[in-house]
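One letter stands for each residue in the lines below.
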Amino acid sequence: MQLFELDDLLGKLPRKRIGFYPTPFHKLENMSRTHGINLFMKREDMAGPGSLSGSKMRVAELIIGQALQDGVDTIITQGAYLTNSGMQFATAARVAGLTPILFLTRDEAQHGKLTDYRGNLLLDKLMDVETHYLVAPGSAYVNRPDDKERVLNAMNARKVELEAQGRKVMIVPTGGAYPTGFAAHVRTFMEMIEQARDAGVELDYIYHTTGTGTALPGMLAAKLLTGHPVKFRSISISHYQPDFWINEAIIAERVKHIFRTFSIEPPSDQAILCEIEVDNRFIGDNYAVPSPEATAAIKELAKAEGVFLGPVYTGKGFAGLLEHIRSGKVAPDSNVAFLHTGDTANLFEVSGVVGELE
Ligand SMILES: *Cc1c(COP(=O)(O)O)cnc(C)c1O
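Residues numbered from 1 in each chain as written. Predicted model: local features only at pLDDT ≥ 70, side-chain atom pairs only at ≥ 80, totals over all residues. Heavy atoms only, no water.

1. Topic: the pairing of strand S6 (residues 169-172)
Here is the rule: Each residue is assigned to one of three classes by its accessible area relative to the maximum for its type, calculated with a 1.4 Å probe on protein chains only: buried under 20%, partly exposed between the two thresholds, exposed over 50%. Helix and strand labels come from DSSP, where a helix needs a run of H or I of at least four residues and a strand needs a run of E of at least two; each type is numbered from the N terminus. Pairing between strands requires that DSSP locate at least two bridges from one strand to the other.
On S6, burial covers both faces: Val 169 and Ile 171 on one face and Met 170 and Val 172 on the other are all buried. Of the pairings in the sheet, the one linking strand S3 (residues 74-80) to S6 comprises four bridges and is parallel in character. Bridged to Ile 76 within S6 is Ile 171.

Structure (structure tokens):
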């Protein structure tokens, strides 16, 4: 299948236009020179409509497109108190005229008590979003079944309350991992390959930070549909492992879901799994705890290019890419794109990244 044919397939899915697409794609000239590769950046962080955005905006466009068709008027979603996804879904809901509600978890042992509004939470408050707080270890990624159930029960209870008032409510899981959104990043892939061609290159690698698994399935489905040889390298911020809340098999299921959405027979599990390469070595101490490598990566990119990554996701992903370049996992002169998925508001949440006042 040709790239433009993906557009026809995507055109059949309901979509509420909210962001600014295509997002920019540009070469990082100084970083390229320093590291001996051709390094490009795809700017999902600039997806809009606000100046702080990210990769969940495309996902929200598809989910809200369907929600509007179904007569939904309220979107409840969940995440850590600093959630990028929650902020973008709240934004998208506001633009679409739906009411956003956020259930936010906070690992107080790790992050202390909530004392002021910063980062994404400040933006949520500016948008007058109804917020509920729950104390839970592990922040967004509630791995303990009873915590997970507590959050689900709280969201469901609010849903029942609102439904009794005649509202129609949709619950979107952490990170926007709701099936109607999985195809969203097919378009990111299309844009990126076309933008790279306009710049005169065919991409060898696409690097990105992976967590809840919403960007990779669409990009991977697009790669498999078009037969493009580019390889994905995913740097995780939370362990991908069997029997966990996220792993390679779940990504493969989502890829198959996208094929079926397009009424196309999906490839075998094996054909999908061999395209997934997740590196779990850059998580650092924990989710939402800055790592020294990520901090160094954030500073290096800011100093070289004036582009800002975040400490929770994109700094860790970029640290992974830099290590892969140093260790030779990326050959000299390779054409590499890093998907900047956002996270910038978290610089104003985790200010320790730049150290104390001098
Ligand atoms: C959600 C998020 C990710 C991980 O997203 P996936 O759902 O795994 O695609 C990466 N970076 C940022 C900034 C995010 O907000």
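Read on for the rest.
2. Structural notes on the domain arrangement of the protein
Stated precisely, the cut-off is as follows: Reported domain spans reflect what an automatic or database domain assignment gives. Residue contacts follow a heavy-atom distance rule, with two residues in contact if any of their heavy atoms lie within 4.5 Å. When two parts are brought into contact, each loses some accessible area as probed by a 1.4 Å sphere; the total of that loss over both is the buried area.
On domain assignment, one finds that the protein holds domain 1 (3-54 + 179-354) and domain 2 (56-176). The centre of domain 1, based on its C-alpha atoms, is set 23 Å off from the matching centre of domain 2. Every contact between the two is made by 42 residues of domain 1 and, on the other side, 36 residues of domain 2. For the pairing of domain 1 and domain 2, the buried interface totals around 3300 Å² over both sides, and the portion due to carbon and sulfur atoms is 60%.

3. Let's talk about the site of the ligand
Put simply, the rule reads: Neighbouring residues are identified by heavy atoms, a residue being near a molecule or strand if any of them is within 4 Å of it. We define a polar contact as two N or O atoms separated by no more than 3.5 Å, with the added condition that, inside protein, one atom must be a possible hydrogen donor and the other a possible acceptor, whereas residues neighbouring each other in sequence contribute only through side-chain atom pairs. Using a 1 Å grid laid over the protein atoms alone, points where a 1.4 Å probe fits but cannot get out form a cavity; open sets with protein on both sides within 12 Å along at least 5 of 7 lines form a pocket; any residue with an atom within 4 Å of a point counts as lining. Pocket or cavity membership: a molecule qualifies when more than half of its atoms sit within 2 Å of the grid points of that site. In this count, Pro and Cys sit with the nonpolar residues alongside Ala, Val, Leu, Ile, Met, Phe, Trp and Tyr, while Asp, Glu, Lys and Arg are called charged and the others, Gly among them, polar.
For the ligand, the set of nearby residues contains 13 residues, the closest of which are Lys 56, Gly 211, Thr 212, Thr 214 and Thr 341. Contact distances for the ligand include 2.7 Å between an oxygen atom and a backbone N or O atom of Gly 213. The contact in question runs from an oxygen atom of the ligand to an N or O atom on the side chain of Thr 214, over 2.6 Å. The cavity that encloses the ligand is the largest cavity. Partitioned by chemical class, the residues of the shell around the ligand number two nonpolar, nine polar and two charged.

4. Things to note about a nonpolar patch on the surface
Definition in use: Patch rule: a residue counts if its relative accessible area is over 30% and it has no salt bridge; like charges are joined within 9 Å, and nonpolar side chains (Val, Leu, Ile, Met, Phe, Trp, Tyr) within 5 Å. Each accessible area is a Shrake-Rupley result for a 1.4 Å probe, and residues are judged covered by the shown protein chains and nothing else. One speaks of a salt bridge when a side-chain nitrogen belonging to Lys or Arg is within 4 Å of a carboxyl oxygen belonging to Asp or Glu.
Together, Leu 114, Tyr 117, Leu 122, Leu 126 and Tyr 133 make up a nonpolar patch on the protein surface, roughly 480 Å² of accessible area in all. Secondary-structure assignment places Tyr 117 in the loop between helix H5 (108-111) and helix H6 (119-126).

5. What about unusual backbone geometry?
Cis rather than trans, the peptide bond between Tyr 21 and Pro 22 has omega equal to 0°. Each neighbour pair has its own omega, and for Gly 48 with Pro 49 the value is 0°, a cis peptide bond. Position of Pro 49 relative to the elements: it lies in the loop between strand S2 (38-43) and helix H3 (56-69). Phi is positive for Ser 263, close to 55°, though the residue is something other than glycine. For Ser 263, a relative accessible area of 69% gives the class exposed.

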